[in-house]
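Given next are the chains, with one letter for each unit.
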Amino acid sequence: MSVDAKYWTEAWATGGGRNGTAGLASGMLTVTMTSPTELGGSGKGHNPEELFATGYAACYLGAMRFAAQNENLGDVPDDARVTANVGIGPRDDGGFGLKVKLIVALPGVDRDVAEKIVERGHFICPYSNATQGNISVETELL
């Protein structure tokens with residue numbers, strides 16, 4: 001698969017990775033990283049799964065809007081919402097893995113149309129493309 005990248009971003013991490021500091025090279029975002037209490041950390045900062053969930057939710061909502069507009073599927077309402085739940089845990093074969101559940105609300109959109117928008121969103125969304133075949137991604141349309 002070839003990608004003609006039109007935009008690049010740069011981020012950095014220092015310290016212990018999950019227990020350190022991370023941010024954008026632009027200086028527009030810096031966060032304190034700590035492991036969640038469920039993984040033995042203090043939970044007094046952010047973790048990679050939170051940042052991944054935030055990015056996936058925003059990207060997927062944008063992809064659904066793009067699909068709806070460019071494929072004449074109607075409008076995605078202003079109050080549409082994607083909630084991304086990201087879980088982390090040990091894999092059966094060693095190491096750690098992720099699971100994702102995307103919960104989509106498209107108020108006022110006919111269910112058949114909403115299902116098509118959700119489906120096409122996965123085709124367009126770079127997060128969905130990056131995770132396809134790598135991690136379990138479940139989508140629930142409310």
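Residues numbered from 1 in each chain as written. Predicted model: local features only at pLDDT ≥ 70, side-chain atom pairs only at ≥ 80, totals over all residues. Heavy atoms only, no water.

J.: Explain the pairing of strand β2 (residues 20–24) to me, and be specific about the residues and the numbers.
T.: In the sheet, strand β1 (residues 11–15) pairs with β2 via five bridges, with the strands oriented antiparallel. In the sheet register, A13 faces β2, and the bridge partner there is A22. What sits between the antiparallel neighbours β1 and β2 is a turn of four residues, in which G17 has the positive phi angle 80°. The pairing of β2 with strand β3 (residues 30–33) spans four bridges and is antiparallel. Bridging from a neighbouring strand, T21 pairs with T32 of β3. Hairpin connection from β2 to β3: five residues lie between these consecutive antiparallel strands, with G27 at a positive phi of about 85°. (Pairing = 2+ DSSP bridges. Helix = DSSP H or I, 4+ residues; strand = E, 2+ residues; numbered from the N terminus.)

J.: Let's hear about the pattern of salt bridges: which residues, and what values?
T.: Summed over the entire model, instances satisfying the criterion amount to seven salt bridges. Linking K101 and E138 is a salt bridge whose minimum nitrogen-to-oxygen distance equals 4.0 Å. You can see K101 sitting in strand β5 (residues 96–105) and its partner E138 sitting in strand β6 (residues 136–141), a full 37 residues away along the chain. A relative accessible area of 27% places K101 in the partly exposed class. Given the relative accessible area of 43%, E138 is considered partly exposed. (Salt bridge = Lys/Arg side-chain N within 4 Å of Asp/Glu carboxyl O. Buried < 20%, exposed > 50% of the residue type's maximum accessible area, 1.4 Å probe, protein only.)

J.: Talk me through the packing of helix α1 (residues 48–70) against helix α2 (residues 111–124); I want residue IDs and the actual numbers.
T.: Two quantities define a packed helix pair, namely the angle between the helix axes and the distance between the axes. At their nearest, the axes of α1 and α2 sit 8 Å apart, and the two run at 115° to each other. One way to sum up the angle between α1 and α2 is to call them roughly perpendicular. Crossing of α1 against α2: the hand is right-handed. Mapping the contact onto sequence places Y56, Y60, A63, M64, F66, A67 and A68 in α1 and I117, V118, R120, G121, H122 and I124 in α2. (Axes fitted to C-alpha atoms, helices over the stretch in contact; angles between N-to-C directions. Parallel < 35°, antiparallel > 145°, perpendicular 65-115°, else oblique. Left-handed = near helix turned anticlockwise from the far one by under 90°. Contact = heavy atoms within 4.5 Å.)

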